[in-house]
Amino acid sequence: MKYVVFTIGLLLNAALVYVLGTREVLPIPLGEFLSVQEGIWQNAESVDHDFSENLNLKDLNGKVDVYLDERLVPHIFAEDENDAYFVQGFLHAKFRLWQMEFQTFAAAGRLSEFVGDKAIQFDRNQRRMGMVFAAENALSAMERDDSTKAALDAYTNGINAYISTLNKAELPIEYKLLGYMPEKWSNFKSALFTKQMTYTLAGYDKDFEYTHALKLLGEDNFQLLYPEIADSLYPVIAKGTPYSEPLAEILPPPGADSVYFNRKDTIHIAQDFKPNPSNGSNNWAVSGSRTRSGKPILSNDPHLSLSLPSIWFEIQLHTKAFNSYGVSFPGLPGVVIGFNDSIAFGFTNAGRDVKDYYEIKFKDQSKSSYWFNDEWEKAEQRIETIKVKGAKDVLDTVSYTLFGPVMYDKSFKTELTTDKAYALRWVAHDTSNILKMWLLLNRAKNYEDYHHAIRHFNVPGQNMIFASHNGDIALWQQATFPLRWKGQGLFVMPGYDSSYMWKGFIPMEENPHSLNPASGYVSSANQRPADSTYPYFIPGSYEVYRAITINKKLDGMYNITSNDMKALQNDNYNVFAELARPLLSKYVQRDQLNANESKYLQMVESWNLQNDPNEKGVTSFHAWWDSLYNNIFMDDLHQSTHSLVRPEKFVLLEALARDTAFRFIDDRNTSQQEDISMQVTSALKKATSYLTELEKEDKLEWAKFKNTTVYHLLKTSTLPFARSGIMNGGGNGIVNATQHDHGPSWRMVIEMTHPIHAYAVYPGGQSGNPGSKFYDNFIDTWAKGEYFNLFYMHTEDTNADQVKWKMSFNPVL
Amino acid sequence: MKFLVSIIISALLSYALGLFLPWWSVMIVGLCIGFFIPQKRIMCFLSVFIGVALFWGCFAFFISNANDHILAKRVAVLVIKKSDPMLLVLTTAMIGGISAGVAAFTGRSLAILFKK
């Protein structure tokens, strides 16, 4: 009997270890996870936590003091700038380690290592896109430059100094949740981060969709649905600005008409991963002639997926050489958007197409040579090893052509049944040191310094805005943009003929730019940079409406104060609806509406055109417009088994404004001929049933409908770490670009007076720890459209009230 | 008396071992107390269960209280699908207590094997 009892006890013990200590039964090993001395309780940071600390660390050249203010923003005071980067690395790791690793694991196609086989396709996609190859090229350029290498080395050492102090109890909670350990940081990981950012901002492409659409629709209809320039374009560089003649006329290769513009077959590839096309931003700078203080004011708000931890970490770097303040990327040294004593700088995305595909014909299954200029050209091969948690490694062979990596072939995309393969030509693969730009901007004193700094930037193309205490304002759309003949790169190009390769890049001095324009302001909002007189072919993914609102408002503003700029960043005016509503009103057949339908019509017509949180008109308007869009386009887009890419929303509006006999109005699936009135009316009827449902659920008010949510980086699997139900306005095409889970990830207004007046906010918090009160404490301020007064610290401020804690870093020899 | 002693020792020892060893050190504590402190098996289980559950529960509560339960509210949803910090504290106490208690039961059973 006693043996039986002992055996039962032993088995029970074993069972407990198995259930509570492994991930075999429960998704989380609860024993380890809830253990009070090493589990999640250790991540519950006391609300009175004292962040003051005295640290003795190797690899420092001198003493560094860090003053943490009441919002947990570190103000790093170092003599030596590399010491400042060391401490920046240490603090990035202290507050954001998991996020930093996660982002670079994603960049490198290594998510399967801790999430298992469900990420294999994602990882393969990253590898085949050449993300690792691109990061290697970036690293070699960064390390060839002495000052960049020194900055990166210091930054990496700082991160690793923090990692080496970590014990299991102090691990960020996500490691405990997913069950893995951080590895050492390296300069290569910083390079990977720059490529992840590049993918986010310059990784969007429509080449396959356009190739298919052109084949199916023909040239005329293609132009109608996917026009190059919107009628209502308000370009970054004002219309009428003269451009110099292009360096050379760039002509399509002979024969392009038949093999490129009129190819015989079509291509279908399901591109499962694409960056969000809403990734964009607003920025503007107004000169002293328009401000009350007589000094320029610079504003910038980058629109990205809203996430916790935030993509941004606020920081000040005070060294002998410069004193910069702003937001940094956990993963890179330096301030990325911000200001110093003399200048302020910011960015919006250019949205230019810098990513093309070439059709490759391999000699055989080995994929080691391909047909190019009438002979078999050797392809390099790179074997990608993807480690998978709980399974065997996946090996993937990727061929590298003269264009770049062969991203799609039969082995990756099952819909490719023939031996066709597609190589990717992407500026992101080219060798360059973009970090150098930021390191130089941090210390830039004037326009010349800024102009010198931005030369180092090749991708992702940005509208780089500038304002200085001296009174200059400027904007450059900067990157290396390929020289293209008209139509080049819209569609998949032949890969057997060198004449289809890019012929070089547009010289920097010809990039659209503006310095102290007569208008007294410069601005950008992801719209096309220039009108049709710009002498180069510049396809891209451009926004139309935010720019219209911003430019119209700025045109009429004088005596501007920082508060005016804050108000403009939070402006909810819907200029698209202003242009579209008259069409709806004009064509709706009022006599055919029932009471309910008339109610929503009334709601739309009496709406004040503001996307404010409590407005119902905006929800009704969008339901109606979307339904009209579907009425008109869906039959045409779904006529083949592979649907066509959706035309931009300006396309329908401008087509209807131009021509009410727009040829896509008729529904090809019915025998009768629909006209615009019928479609507008039927759209309202369809929208009504949807709106009635929404109203029943009390979701008609815009903020309730939109339900602004800041997700944790692991999205729905860590929903309790997210903040949802944030009641704010805005939307797509609105200056306040807040959509459901996307929008202004940092709002900044800098007035270049002395002392500088700086205001900013971001929807997150400085700590990446969901157990810290600093995890999401900025969100409410952000949602209300309010700002924090930034504490731009100088040496004499060490005893200021804002300083709450002090960390001292002492060098150990 | 033995009962009270095992409660106190199991709590103190769990804390001490926990400084160096992973969570399953509470099971070592349970095994040892069960082996060395002669009580009825059920009493072994109960005393060690109470000792470790009290230690884990109180420790978790004090940490969470100082944290205004910010973390517990979030993690509770993940683990028990309910934003109830106290329930998460209780779950923590149960997991520590049961693990150690079962080990104590086993430790005593082992000791009984050696008794002639």
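The rules behind the values
- Residues numbered from 1 in each chain as written.
- Chains lettered and ligands numbered in written order.
- Predicted model: local features only at pLDDT ≥ 70, side-chain atom pairs only at ≥ 80, totals over all residues.
- Helix = DSSP H or I, 4+ residues; strand = E, 2+ residues; numbered from the N terminus.
- Rg over C-alpha atoms; globule rule 2.2 N^0.38 Å.
- Buried ≥ 20, exposed ≤ 12 C-beta atoms within 10 Å, placed from the backbone.
- Contact = placed C-beta atoms within 7 Å.
- Axes fitted to C-alpha atoms, helices over the stretch in contact; angles between N-to-C directions.
- Left-handed = near helix turned anticlockwise from the far one by under 90°.
- Nonpolar A, V, L, I, M, F, W, Y, C, P; charged D, E, K, R; others polar.
- Pairing = 2+ DSSP bridges.
- Expected span 1.5 Å × (residues − 1).
- Bend = angle between axes of the 7 residues up to and from the residue.
- Core = buried A, V, L, I, M, F, W, Y, C linked by C-beta atoms within 7 Å.
- pLDDT = per-residue confidence, 0-100.

S.K.: Which residues make up the overall build of chain A, and what values go with them?
M.R.: Broken down by element type, chain A carries 22 helices and 29 strands. Computed over C-alpha atoms, the radius of gyration of chain A comes to 28 Å, within 12% of the 28 Å expected from 2.2 N^0.38 for 813 residues, which places it in the range of a compact globule. Taking the principal axes of the C-alpha coordinates as reference, chain A spans close to 85 × 75 × 65 Å. Out of the 813 residues in chain A, the part that is buried amounts to 53%. Across chain A, the fraction of contacts at a sequence separation of at least 24, relative to all contacts at a separation of at least 6, is 71%.

S.K.: Residues and numbers for the overall build of chain B, please.
M.R.: The helix and strand tally for chain B stands at 5 helices and 0 strands. Listed N to C, the secondary structure of chain B is α-α-α-α-α in terms of helices and strands. Dimensions of chain B along its principal axes, counting C-alpha atoms only, are 55 × 25 × 25 Å. Burial status across chain B gives 57% buried among its 116 residues.

S.K.: Just give me the short version of the packing of helix α2 (residues 25–36) of chain B against helix α3 (residues 41–66) of chain B, but keep the residues and values in it.
M.R.: Residue and element names in this part refer to chain B. Packing of α2 against α3 brings their axes to within 10 Å, and their N-to-C directions diverge by 145 degrees. As α2 packs across α3, the resulting crossing turns out to be right-handed. Here V26, G30, I33 and G34 of α2 come into contact with α3, specifically with C44, V48 and V52. A class-by-class count of the residues in the contact of α2 with α3 yields 5 nonpolar, 2 polar and no charged.

S.K.: Explain the interface of chain A and chain B to me, and be specific about the residues and the numbers.
M.R.: The partner chain B presents 34 residues to the 34 residues of chain A that form the contact. Taken together, the elements giving at least two residues each to the side of chain A that touches chain B come down to α1 (2–21) and α2 (30–34) of chain A. For the side of chain A that touches chain B, the element with the highest residue contribution is α1(A), accounting for 12 residues. Considered class by class, the residues forming the side of chain A that touches chain B number 19 nonpolar, 10 polar and 5 charged.

S.K.: Which residues make up the packing of α2(B) against helix α5 (residues 85–114) of chain B, and what are the values?
M.R.: Residues and elements named next belong to chain B. Their axes nearest at 6 Å, the elements α2 and α5 cross at an angle of 35 degrees. For the pair α2 and α5, the crossing hand works out as right-handed. Contact with α2, carried on its side by V26, M27, V29, G30, L31, C32, I33, G34 and F35, involves G96, S99, A100, G101, A103, A104, F105, T106, G107, R108, L110 and A111 of α5 and no other residues of that element. Looking at side-chain class alone, the contact of α2 with α5 contains 13 nonpolar, 7 polar and 1 charged residues.

S.K.: Which residues make up the pairing of strand β2 (residues 64–69) of chain A, and what values do they have?
M.R.: All names here are of chain A. Counting buried residues along β2, 5 of its 6 residues qualify, which places the element largely inside the surrounding structure. Taken together, β2 and the strand that follows it, strand β3 (residues 74–78), pair antiparallel across an intervening segment of 4 residues, in which L72 is found at a positive phi of about 70 degrees. Sheet analysis places β2 next to strand β29 (residues 803–811), joined by 6 bridges and oriented antiparallel. Within β29, the position partnered with D65 by the bridge is S808.

S.K.: Could you give me a rundown of the sheet that holds strand β18 (residues 462–468) of chain A, with the residues and numbers involved?
M.R.: All names here are of chain A. The strand order β1-β29-β2-β3-β7-β8-β9-β10-β18-β19-β21 describes an open sheet built from 11 strands, whose pairing is mixed. Both edges of this open sheet fall to β1 (53–57) and β21 (513–515), since each of them pairs with a single strand only. The average angle at which neighbouring strand axes cross in this sheet is 20 degrees, direction not considered. As paired strands, strand β10 (residues 343–349) and β18 are joined by 7 bridges and run antiparallel to one another. Directly across from F347, in β18, lies its bridge partner M464. Along the sheet, helix α13 (residues 447–454) makes contact with β10, β18, β19 (473–478) and β21, crossing β18 at roughly 160 degrees.

S.K.: Tell me about helix α3 (residues 81–107) of chain A, and please be specific about residues and values.
M.R.: An α-helix turns once per 3.6 residues; consequently, residues spaced three or four apart project the same way. All names here are of chain A. The end-to-end C-alpha distance of α3 is 28 Å, clearly below the 39 Å that 27 residues give at a rise of 1.5 Å each. At R96, α3 shows its maximal kink, close to 100 degrees. Burial within α3 is extensive, with 27 of its 27 residues counted as buried. Positive backbone phi, approximately 65 degrees, marks G109, located one or two places after α3.

S.K.: Can you tell me about unusual backbone geometry, naming the residues and giving the values?
M.R.: Residues and elements named next belong to chain A. Note the cis peptide between V459 and P460, where omega equals -5 degrees. By the secondary structure assignment, P460 is in the loop between α13 and β18. Positive phi values are uncommon outside glycine, yet D374 reaches one of about 65 degrees. Checked against the element boundaries, D374 lands in the loop between β12 (369–372) and β13 (375–378).

S.K.: Break down the environment of A:E615 for me, citing the residues and quoting the values.
M.R.: All names here are of chain A. Turning to its location among the elements, E615 is positioned in the loop between α17 (595–605) and α18 (617–637). Its 23 C-beta neighbours within 10 Å are what place E615 among the buried residues. Each C-alpha atom, one on E615 and one on L700, is 8.1 Å from the other, the two residues being 85 residues apart in sequence. Beyond its immediate stretch of four places on either side in the chain, E615 contacts W607, Q610 and W702.

S.K.: Describe the sheet that holds strand β23 (residues 708–712) of chain A, listing the residues and the values that go with them.
M.R.: Residue and element names in this part refer to chain A. Pairing in this open sheet of 3 strands is mixed, and the strands run β6-β23-β24 from one edge to the other. This sheet does not close on itself; its edge strands, each paired only once, are β6 (307–308) and β24 (723–726). One ladder, built from 2 bridges, connects β23 with β24; its direction is antiparallel. Paired with T708 across the bridge in β24 is I726.

S.K.: Tell me about the environment of A:A150, and please be specific about residues and values.
M.R.: Within the fold, A:A150 resides in helix α7 (residues 146–165). The spacing of A:A150 and A:G326 is 176 residues in sequence and 22 Å in space, taken between C-alpha atoms.

S.K.: I'd like a rundown of the environment of A:D69, residues and numbers included.
M.R.: All names here are of chain A. Turning to its location among the elements, D69 is positioned in strand β2. With 21 C-beta atoms packed within 10 Å, D69 lands in the buried category. Sequence separation between D69 and V803 is 734 residues; the distance between their C-alpha atoms is 4.5 Å. If we ignore the near neighbours within four places in the chain, the residues touching D69 are H75, F791, Q802, V803 and K804.

S.K.: I'd like to hear about the nonpolar core, residue by residue, with values.
M.R.: A general trend in soluble globular proteins is that nonpolar side chains are found buried together. Within the largest apolar cluster, 220 residues are counted, with the highest numbers of intra-cluster contacts made by A:V87, A:A285, A:Y422, A:F466 and A:W624. Examining the composition of this core, we find that 15 residues originate from one element, α3(A), more than from any other. Apart from residues no more than four positions distant in its own chain, A:A285 is found in contact with A:P296, A:I297, A:L298, A:I465, A:F466, A:A467, A:I473, A:Y521 and A:V522. Ranked by size, the runner-up nonpolar core spans 51 residues in total, among them B:A53, B:A60, B:F61 and B:V79.

S.K.: I'd like a description of the confidence of the model for chain B, backed by residues and values.
M.R.: On average, chain B scores 95 in pLDDT, and the residues at 70 or more come to 99%. Interface confidence for the predicted complex, given as ipTM, is 0.97, next to a pTM of 0.97.

S.K.: Residue-level account of helix α6 (residues 131–144) of chain A, with values.
M.R.: All names here are of chain A. Between its first and last C-alpha, α6 extends 20 Å over 14 residues, near the 20 Å set by a 1.5 Å rise per residue. Among the residues making up α6, those that are buried are M131, V132, F133, A134, A135, A138, L139 and M142. Where the residues of α6 are buried, they touch α3, α5 (120–128), α7, α9 (187–202) and α12 (435–443).

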